[in-house]
Structure formats: C-alpha cells, structure tokens
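Architecture at a glance
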Amino acid sequence: MALLAHASGIQAQTPKQIDREAKLKPFRRSHLTEKERSILRYDATDLAAMIRKGIYTSFGVLSAFVNAAIAAQDATNCLSEICFEEAFARAKELDDHLAETGEVVGPLHGVPISIKDHIKVKGLDTSTGYTAWAYEKIADDDALVVKILRNAGAIIYVKTQNPQTLLSLETNNNVFGRTTNPFNKNLTSGGSSGGESALIACGGSPLGVGTDIGGSIRVPAGHCGLYGLKASVARLPHSGLIGSHDGMDAIIGCVGPLATSAQDLGLFCKVMLAAEPWLDEPPLLEMPWKDNVARGDALPERLSIAILYEDGVVKPHPPILQALEKYKSALENAGHDVIIWEPLDHQKGWDLIAKLYLLDGGAEYRETIRAGGEREVAQTKWMLDHGRGRQPYTPHEIFQLNAEREAFRANALAHWNSTKCRTATGHPVDAILCPVAPTLAPPHETTSWWGYSSHWNLLDLPAVAFPVGQYSASAEVPSGPSSSRNAVEEFITNQWDPKTYDNAPISLQLVGRRHNEERLLAILGAIEQIIPPFELARIGGIIVLGSSI
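Not measured: the values here are computed from a predicted model.

1. Brief notes about the overall build of the protein
From N to C terminus, the protein includes 19 helices and 17 strands. In terms of overall size, the protein behaves like a compact globule, its C-alpha atoms giving a radius of gyration of 22 Å where 549 residues would be expected to give roughly 24 Å. By its C-alpha atoms, the protein is 60 × 55 × 55 Å across when sized along the principal axes. Taking all 549 residues of the protein together, the buried fraction comes to 60%. Relative to all contacts within the protein whose residues are 6 or more apart in sequence, the contacts with residues 24 or more apart total 80%.

2. Some details on the UniProt feature "binding site: substrate" (unreviewed entry) in the protein
Sites flagged by UniProt as "binding site: substrate" (unreviewed entry) map to Leu166, Ser192, Ile213, Gly214, Gly215 and Ser216. Sequence-wise these annotated residues cover 51 residues; spatially they are packed, their C-alpha atoms never more than 11.3 Å apart. The topology assignment puts Leu166 in the loop between strand 3 (155-160) and strand 4 (172-173). Sequence-distant contacts of Leu166, that is, excluding residues within four places in its chain, are made with Lys116, His118, Thr128, Ser192, Ser216, Ile242 and Gly243. Here Gly215 is to be found in the loop between strand 8 (207-212) and helix 9 (218-223). Among the residues examined, Gly215 registers a relative accessible area of 0% and is labelled buried. The residues contacting Gly215, other than those within four sequence positions of it, are Leu169, Gly191, Pro220, Ser453 and Asn457.

3. What to know about the sheet that holds strand 15 (residues 505-511)
The eleven strands are arranged 1-3-2-8-10-9-14-15-13-11-12 in an open sheet whose pairing can be described as mixed. Across the chains shown, the open sheet's two edge strands, defined by having one partner strand only, are strand 1 (79-82) and strand 12 (337-340). Between one strand and the next, the sheet's axes are offset by a mean angle of 25 degrees, whatever the strand orientation. Across four bridges, strand 11 (residues 304-307) lies against strand 12 in parallel orientation. Residue pairing in the sheet places Ala306 in a bridge with Ile339 of strand 12. Packed on one face of the sheet, helix 6 (residues 84-101) meets strand 1 and strand 3 and runs near 155 degrees to strand 3. Where helix 8 (residues 194-201) meets the sheet, its contacts fall on strand 1, strand 2 (112-116), strand 3, strand 8 and strand 10 (254-259), and the angle it forms with strand 3 comes to roughly 120 degrees.

4. Regarding the pairing of strand 10
In terms of burial, strand 10 is largely enclosed, as six of its six residues are buried. Taking every second residue as pointing to the same face, both faces of strand 10 are buried, with Cys254, Gly256 and Leu258 on one and Val255, Pro257 and Ala259 on the other. Here strand 8 runs beside strand 10; their pairing, made up of six bridges, is antiparallel. Bridging from a neighbouring strand, Val209 pairs with Pro257 of strand 10. Alignment of strand 9 (residues 227-230) against strand 10, held across two bridges, turns out to be antiparallel. Bridge pairing in strand 10 links Gly228 to Leu258.

5. Some details on the pairing of strand 13 (residues 431-435)
Burial runs high along strand 13: five of the five residues are buried. In terms of strand pairing, strand 11 meets strand 13 through three bridges, oriented parallel. Counted as the bridge partner of Ala306 is Ile432 from strand 13. Here four bridges tie strand 13 to strand 15, and the two strands are oriented antiparallel to one another. Note on strand 15: the bridge partner recorded for Leu433 is Leu510.

6. Observations concerning the state of the cysteines
This model, assessed by the stated rule, comprises zero disulfides. Here Cys224 stays unpaired: no disulfide links it, and the sulfur of Cys202, its closest cysteine neighbor, is 8.1 Å away. Given a relative accessible area of 0%, Cys224 falls into the buried group.

7. Considerations on the UniProt feature "active site" (unreviewed entry) in the protein
The positions that UniProt labels "active site" (unreviewed entry) are, in the present scheme, Lys116, Ser192 and Ser216. Judged by maximum C-alpha separation, these annotated positions cover 101 residues in sequence but sit close together in space, the widest gap being only 11.0 Å. With sequence-adjacent residues up to four places away left out, Lys116 is seen in contact with Lys159, Thr160, Asn162, Leu166, Ser192, Ser193, Glu196, Val209, Gly210, Thr211 and Ser216. Separated by 2.5 Å, the side chains of Lys116 and Ser192 make a polar contact. Residue placement: Ser192 occurs in the loop between strand 7 (184-188) and helix 8.

8. Brief notes about the pattern of salt bridges
Using the criterion set out here, one finds 27 salt bridges in the structure. Of the charged contacts in the structure, one is a salt bridge between Asp140 and Lys120, with a shortest N-O distance of 3.4 Å. Within this pair, whereas Asp140 is found in the loop between strand 2 and helix 7 (144-151), its partner Lys120 is found in the loop between strand 2 and helix 7, the two being separated by 20 residues in sequence. Ionic pairing is found between Arg388 and Glu376, a salt bridge with its closest N-O pair at 2.8 Å.

9. Some details on the packing of helix 13 (residues 346-357) against helix 16 (residues 395-417)
Their axes nearest at 11 Å, the elements helix 13 and helix 16 cross at an angle of 145 degrees. Regarding helix 13 and helix 16, the two cross each other, and that crossing is left-handed. On helix 16, the residues that touch Lys348, Gly349, Leu352, Lys355 and Leu356 of helix 13 are Leu401, Asn402, Glu404, Arg405 and Phe408. Class assignment of the residues belonging to the contact of helix 13 with helix 16 gives a composition of four nonpolar, two polar and four charged.

10. Let's talk about unusual backbone geometry
Most peptide bonds adopt trans geometry, and most residues besides glycine take a negative phi value. Residue Ser192 is bonded to the preceding Gly191 through a cis peptide linkage, with omega at 5 degrees. Its identity as a non-glycine residue notwithstanding, His515 has a phi of 65 degrees, on the positive side. With respect to the element layout, His515 can be found in the loop between strand 15 and helix 19 (517-530).

11. Points about the environment of Gly373
Tracing the sequence through the fold places Gly373 in the loop between helix 14 (363-371) and helix 15 (378-384). Judged by relative accessible area, Gly373 falls into the partly exposed class, the value being 40%. Once the C-alpha coordinates of Gly373 and Thr131 are considered, the two residues, 242 residues apart in sequence, prove to be 7.7 Å apart.

Rules used throughout
- Per chain, residues are indexed from 1 in the order of the written sequence.
- Reporting of local features is limited, given that this is a predicted model, to residues whose pLDDT is at least 70; pairs of side-chain atoms are given and counted only at 80 or more, and all residues count toward the totals for whole chains, interfaces and linings.
- Values reported for side chains reflect all heavy atoms of the structure, with hydrogen atoms and water molecules removed beforehand.
- Per the convention used, a helix needs a DSSP run of H or I reaching at least four residues, while a strand needs a run of E reaching at least two, with both numbered from the N terminus.
- Computation of the radius of gyration draws on C-alpha atoms alone. For the globule rule, the value is 2.2 Å times the number of residues to the power 0.38.
- The cut-offs for exposure are 20% and 50% of the maximum accessible area for each residue type, with area from a 1.4 Å probe on protein chains only; residues under the lower value are buried, those over the upper are exposed, and the others partly exposed.
- Note on definitions: a residue-residue contact is assigned when non-hydrogen atoms from the two residues lie within 4.5 Å.
- UniProt positions are given in the numbering used here, feature names are shortened, and annotations may be inferred rather than shown by experiment.
- Strands are labelled as partners when DSSP assigns at least two bridges between them.
- Comment: axis = line fitted to C-alpha atoms, over the contacting stretch for helices; angle = value between 0 and 180 degrees taken between N-to-C directions.
- Note that a disulfide, as used here, is simply two cysteine sulfur atoms within 2.5 Å.
- Nitrogen and oxygen atoms within 3.5 Å of one another constitute a polar contact, given that in protein one can donate a hydrogen and the other can accept it, and given that sequence-neighbouring residues count only through two side-chain atoms.
- We define a salt bridge as a contact between a side-chain nitrogen of Lys or Arg and a carboxyl oxygen of Asp or Glu at a distance within 4 Å.
- Each helix crossing is assigned a hand: it is left-handed if the near helix lies turned anticlockwise from the far helix by less than a right angle, otherwise right-handed if that turn is clockwise.
- Each residue receives one of three labels: charged for Asp, Glu, Lys and Arg, nonpolar for Ala, Val, Leu, Ile, Met, Phe, Trp, Tyr, Cys and Pro, and polar for the others, Gly being one of them.

Have a look at this one:
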C-alpha cells in the first residue's frame, strides 16, 4: 500500500525507504572527525597509495566514507542499498593481509567504491527504479565490472539511486523518491547515474560506477561538478546489469566511472582492461589500456581543438558559453590551434536515436510500470511520449533504422576528417570541446534536450565531462539575444534566470575519436596544464544544503 500511496503522489515512506533508514541508523553519527575530513579530501588514486604505504588503513578509510555517505543520503536521497557490515569485514581482511604479507591485493586495495543500482552486486536488491522489481531482483552474482573491482581490492559498500526505467536525465522513481543536487536542492543531480553524482559530490564516495546510453554519466557528472567518462561501447565490461530492453543492441549503454579527478578515470579504465574482460564478455574488443598514451606520450606539442558553441537546435545558457570562450582564449594563448566545430544534423541525430531507444514504442517500459501499480514520473513520461501511440517497428523497419544509424556515423566521421582543411596543423582536430547540456543543473522535471550528450552515444565516441567553475547568481553574465528557433529552444532560453542556478557547477565536455579513450584523457590533461582543474568544495567542512556536515 505504501508503494501505491507514493506512486499516487502522497509523500509517504515506502517499505524500502523504511528498511534503508533502519539499516542506516546504527552507523549514523552527528559529525566527521578531523581525520575523516582529511581522508575525504583525497581521490581514489591517492587513497590507494596512502593505504599501500600504511598512512591510512582500509578500515579507517571506509569508516570515513560510510559516515559521509550517510550524511549525503540525509542531504540528497542518493542511496538505494547498503552493505556496510560486509564492507567492514572486507576492510579488516584487507588490513590483515597487508600487515601479514606487506603486499596489497591489487591497485584498488582498500578503496571504497559505490555502484549504480541497476548493476548487480551479489546479495543486494536491484530494483532499477521499478516498484514491480523491488525485493524481486536480488542479485545472485556480481556484474563483471564488480568482480573486477573486488579482485583489484576495492570495497563495495553502497548502491546508488537511478531513475524509473533508467532512460532519464533526472533521478526520480516511486521506490525511493527524488535525488537532489548537493549544491542547490531545487536542481536535479542528473540521471541516470544521479545517485552516484550526488554521493560523490558530497564526498560520500571517492569513485563510483555508472552507465551511459544518452548522457547518463556525463550529465550527472556535469551537474554535480565531477569528472565522468563515457567510453566507446566495446571497451569496458557491460555484462551483469538489470534493466528494460535487455538484448537491444541498436544503441548500447556503457559502463564508466564518475570521480573527483581525471587520474581516477584513467585508473578505473586501467584496472578494467588489465583484467582482460574480453575473455569473459564476447562483445568486447581485445584492447589493453595504453598507459603511455594516457600519460600524453603520443600527443603533438600543438593540439587542434574544435569548439562546438551550440548544436544548431538549442543555444546553451550564458555561463556555459562564457566558459567555452574562456577555454578558447586560453588554448589559443598557449599556442594551440582552435577552430569552430560546425554542428552536423543534431536534430536529425536526436530524432534517430529516440527511435532506436524505443524500438517497441516503449511498450516494455510501460508494461513494467503497470506491473508495479505505479505512475510514470514526469521525466519518464517525457521520454516515453517520443514513442507513444505508434506500433513497434517491424524487423524490416529496424534494419532500415540500423542502416540509417551507420550512414549517420559515416557522415559524421567524414565531417571530422574534413577539418584537416581548416586546421593550422593540417591534421583533423584532435578533440571537440562542447557543452555537456544546454543548461547548468536544471530545476526538477524540466530537462528537455539531450542533444549535447546523446549525439556522441549515437556516434559511439568517447567523451569526458569535467568541472570548470561554479556559478554565482551575483556574477555578471550577459544573457545575449532571446530569439528562438524552435519550441524546445524557446523553453530553455526562457528558463535562464541567474537566481535559479545559484551555486550550480559549470562543466564542459571533451569528445574524442572512437576507441581512443587514452588519447582523450591525455588531451584533457594537456588542457588542464593550461587551466588547472577546478575543485568545488566537498564534504571535509563544506556546507551541503545549508547545514555543515
């Protein structure tokens, strides 16, 4: 009954919310110690090094992040499942192993890592935001990505919220409710990896695992001031996930990291590929991680960077355009070659990928929602409306859509290659610098354009989101002309109000060549040599939603 009450809009605790609160209670404390605050300031790479050197113990590091994760839950409603007892038992085992042997079990020895809800963790529920699946999807095994993390010494201690159906750029469902943005509770934390982004932004996790099929890592990372990597589909392990449309391969989601540093993105990929996941997961390519490339050994001294200011459909809000202009000037002043990326068929790309997402017209999503006696939350309805009222595509129509997808990709590749005629280096551009989304983290239930992220999923290109600033409503930011080319752009243009986005992180996105994740991270490293990484204040003393943690 409580599930149905929540689904009908009554603000009542669900059984799973009550269960979660009961589990959290024994671990909840009123404050963080100074040592814990110190621990929370480090990223996963540095924490692994300090545990290895004996500066911190696995148990002590886990204690700090458990305390911070509970505080993050209180502030943002970001968690779905916890396994603290098992995590502390594993931390003690790791500490004992290091003390007895002097060796770590792997490169992530003792590092706590959070996992998105629909990724299987043995013994934990995998409701995936559906009331029909709550209590019904207890994982009998770990997903491959989780197995690799455990073998590398990582400690799994929480799972994080994702939206109903997963197919959403805001995290809200009728099982646990809405996840909010730590920097402004009136704004979304993004989706579908929104629980991960909120948790990490609060300092409740040093490194998290999300998934991305249309922006679901990069948009949450951007909205919460984090680093997030969407790799090319065939590189990182993706088996052992639970969600609708299992087996659909017209557009495939990918697993990827969310973190507080670029070096952690590289660490995650290195750990994944060192495990040779292609031996366990047939669709993966045998492509070991090239660490020397990720360090920048193969980069030219002079880069050619294309900047996409706007995609021809929706012009981004002023702070995003201002950030792009800042990076353009900095790159040019550092001697790099910068050209303007000419947008290519972004509306056509969205129309195509929306069809590929909903080959059955959204029937499976709606059937699962009905099975739980719940309603479609606002962002679910917005997405499913793209296929509502039409019949599922026939096999012949699906073949045609797949052919259209490949033609679109070929055209985009030729477009990229043609930039050699406009660069000073005489080579095609090395990467594209662009917005993550047309707005900073938007108000709840207002996300209405995915084109800045889903476009790169359609092309299967790797992309990394990274923080570049934090907006203040008192800042002077010119608004520019308000004319609009379409209804979506008119809506987003009219959303702009400095007070709405106060304190929201500002992020950008860097897009690289297919299967060139190492080179992409190296280019990001070169850019951050010019403009140092922007660090938002996190838990070790920050104010989250008005109260000190």
